[in-house]
Amino acid sequence: MPAFDFDLFVIGGGSGGVRAARMAAQRGAKVAVAEVAAMGGTCVNVGCIPKKLYSYAAHFAESFEESHGFGWKGEAPTLDWELLRTNRAREISRLNGIYVQLLETPGVTIVRGWARLNDAHTIAVDNQTFTAKNILIATGGKPVVPDIPGREHVVTSNEMFDLDPFPRRLLVVGGGYIACEFASIFNGLGSQVTLIHRRDKLLTGFDEDVRSFIASEMAKTGVNLQLGQEVAGIDKTTDGLLVHLKNTGQGSDASFVVDTVLYATGRSPNTAELGLEAAGVALGKAGAIEVNSQYQTSVPHIYAVGDVTARVQLTPVALGEAMVVVDALFGPATGKAARQMSYDFIPTAVFTHPNIGTVGYSETAAREKFGKVTVFRSDFKALKHTLSGSTERTLMKLVVEDATDRVVGLHMVGPDAGEVVQGFAVAMKAGATKAIFDSTIGIHPTAAEEFVTMREPVKG
Ligand code: FAD
Ligand code: NDP
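The notes below deal with the structure included here. (Residues numbered from 1 in each chain as written. Chains lettered and ligands numbered in written order. Predicted model: local features only at pLDDT ≥ 70, side-chain atom pairs only at ≥ 80, totals over all residues. Heavy atoms only, no water.)

**Considering the packing of aromatic side chains**
Summed over all chains, the structure comprises 16 aromatic pairs. Geometrically, the ring pair formed by Phe6 and Phe130 is tilted, given 6.1 Å between the ring centres and 55° between the ring planes. Residue Phe6 is located in strand β1 (residues 6-11), and its partner Phe130 is located in strand β6 (residues 128-137); the two are separated by 124 residues in the primary sequence. Pairwise contacts between aromatic rings join Tyr54, Trp81, Phe161, Phe166, Phe182 and Phe186 into one cluster. The lysine or arginine in question, Lys30, covers the ring of Phe6, its NZ or CZ lying 5.3 Å from the ring centre. (Phe/Tyr/Trp six-rings, centres within 6.5 Å; stacked < 30°, edge-to-face > 60°. Helix = DSSP H or I, 4+ residues; strand = E, 2+ residues; numbered from the N terminus. Lys NZ or Arg CZ within 6 Å of the ring centre and 35° of its normal.)

**Some remarks on the sheet that holds strand β20 (residues 394-401)**
Strand order in the open sheet formed by five strands is β17-β18-β21-β20-β19, and the pairing between neighbours is antiparallel. Edge positions in the sheet fall to β17 (348-350) and β19 (373-380), since each has one partner strand and no second. The sheet shows a mean angle of 10° between the axes of neighbouring strands, direction not considered. In terms of strand pairing, β20 meets strand β21 (residues 407-413) through six bridges, oriented antiparallel. Looking across to β21, one finds that Leu395 is bridged to Val413. The strands touched by helix α7 (residues 208-221) within the sheet are β18 (356-360), β19, β20 and β21, with β20 carrying the most contacts at an inclination of about 175°. Relative to the sheet, helix α12 (residues 417-429) contacts β17, β18 and β21, its axis offset from that of β21 by approximately 175°. (Pairing = 2+ DSSP bridges. Axes fitted to C-alpha atoms, helices over the stretch in contact; angles between N-to-C directions. Contact = heavy atoms within 4.5 Å.)

**With respect to the site of ligand 2**
In the neighbourhood of ligand 2, 20 residues make up the surrounding shell, with Glu181, Arg199, Thr204, Gln313 and Ala349 lying closest. Tyr177 has a polar backbone atom sitting 3.4 Å from an oxygen atom of ligand 2. One nitrogen or oxygen atom from the main chain of Gly266 is found 3.1 Å from an oxygen atom belonging to ligand 2. If ligand 2 stood free it would expose 910 Å²; the protein chains cover 76% of that surface. When residues in the shell around ligand 2 are grouped by element, the largest group, three residues, is from helix α6 (residues 177-189). Residue composition of the shell around ligand 2, grouped by class: seven nonpolar, eight polar and five charged. (Near = heavy atom within 4 Å. Polar contact = N/O pair within 3.5 Å; in protein donor to acceptor, adjacent residues only side chain to side chain. Areas by Shrake-Rupley, 256 points an atom, 1.4 Å probe, with all protein chains shown as cover. Nonpolar A, V, L, I, M, F, W, Y, C, P; charged D, E, K, R; others polar.)

Set out below in structure tokens:
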């Protein structure tokens, strides 16, 4: 009789958990995954995928407008919000089914319900218990809303996809990924959007030029940006939600009414009610599970990956971390070396309108890390907008380490920036120098060719 029910028990069927469970099962391990909600986790159900679908929906608004300059005539169609919601929900349930299939095909046991650790080898899910040689915690995170008066009236990104009715007037609080993306998306879909952020610039940690540029582009699209502002409280009235501001400086109203208030003020790791203490798993700062470079917690056979470790909260990072765990426990795929994660040069996109794509270091971070750097920057009107009538501009920026000529930062604000930057990220992982960028032939006419034709530095 085997000593344990499973070789690996995964808690959480999100990005990291599903990847680890199915890859471990494909390597011949006996695996179970417990999931309390819909399979696929945040990314599939209330994150990346529905968000990107709504972003596509929102882009049509500007496309209709821009088409006039290209000779298209006629009234812009109107949005059927209910139809969009229905179509999105159908696609997400199709994906939920695919995730179940991805697990069932290699033989993963799916356990439905809330899992908690009774001890370092025993997992309870409702009234069932299971034992496992190894455990992976991949429980993700949840939105955090600060304790303001009227907190009960606000929603988080989880609720935004199914709002009913459509919010004609939307307030977004926060200046990070979610705040900027949802402000852009709902603005495109037809809401009157105000974004309030406590700092003077959006997107802390991003390149300073990107931060200024995206604010100016978002404002041009009609998002009312109130920077250096905070919400004092929210009252429910018959006309909607009355929002009171703290800093009522020039140009800002002391209070105003909206239909919906979205708080996008960060996320915290899901570590409560997991029995971590019973199992001896230690938490680090901000309640995240602490792990070493192999994702082992303070209990070596209990691993943790993804948002619950509150490192880099991105789906491809959770997937990469899951693969490291699987390779370490069950060996790498035939003919391959065991995977390791590197947190350098992780590309990322913010799906604002226009998009932001970035890989490597901001200019400020590069100066701190590498000392002398040279900066190349281009800010231009894309060819499409010579006829579209849009005033949108595109920003591209390269940061080059002087000592090695290596391109250590690449930033773009412009259409499809995520698509453009993904390819450049490969070159940068490979250590591409500015000389290699310069010797690369451009694809004409594209915006992306600008990255290989920037010759004159703007700053040493
Ligand atoms: P999750 O995917 O959150 O999965 C955790 C799972 O564990 C959940 O399904 C949960 O129900 C389950 N669970 C929790 N506790 C228990 C328990 N005790 N028992 C059983 N089940 C449990 N990342 C990108 O790379 N690109 C994007 O465009 C992007 N957009 C985003 C948009 C939004 C609005 C949000 C919120 C996030 C977005 N992210 C994006 C981040 C991305 O979704 C996360 O980084 C990713 O989902 C993390 O994966 P995970 O496996 O750690 O956790
Ligand atoms: P972020 O950490 O990106 O942003 C949180 C924002 O809220 C910051 O602007 C922060 O301000 C502000 N904030 C925090 N606390 C308060 C407070 N008490 N009052 C007012 N403002 C506050 O978190 P998000 O929730 O936007 O997203 C979580 C993570 O999910 C992201 O970091 C990202 O990793 C991932 N994600 C990825 C996406 C993508 O890949 N496209 C899309 C969406 C999410 P300050 O800057 O001052 O700290």
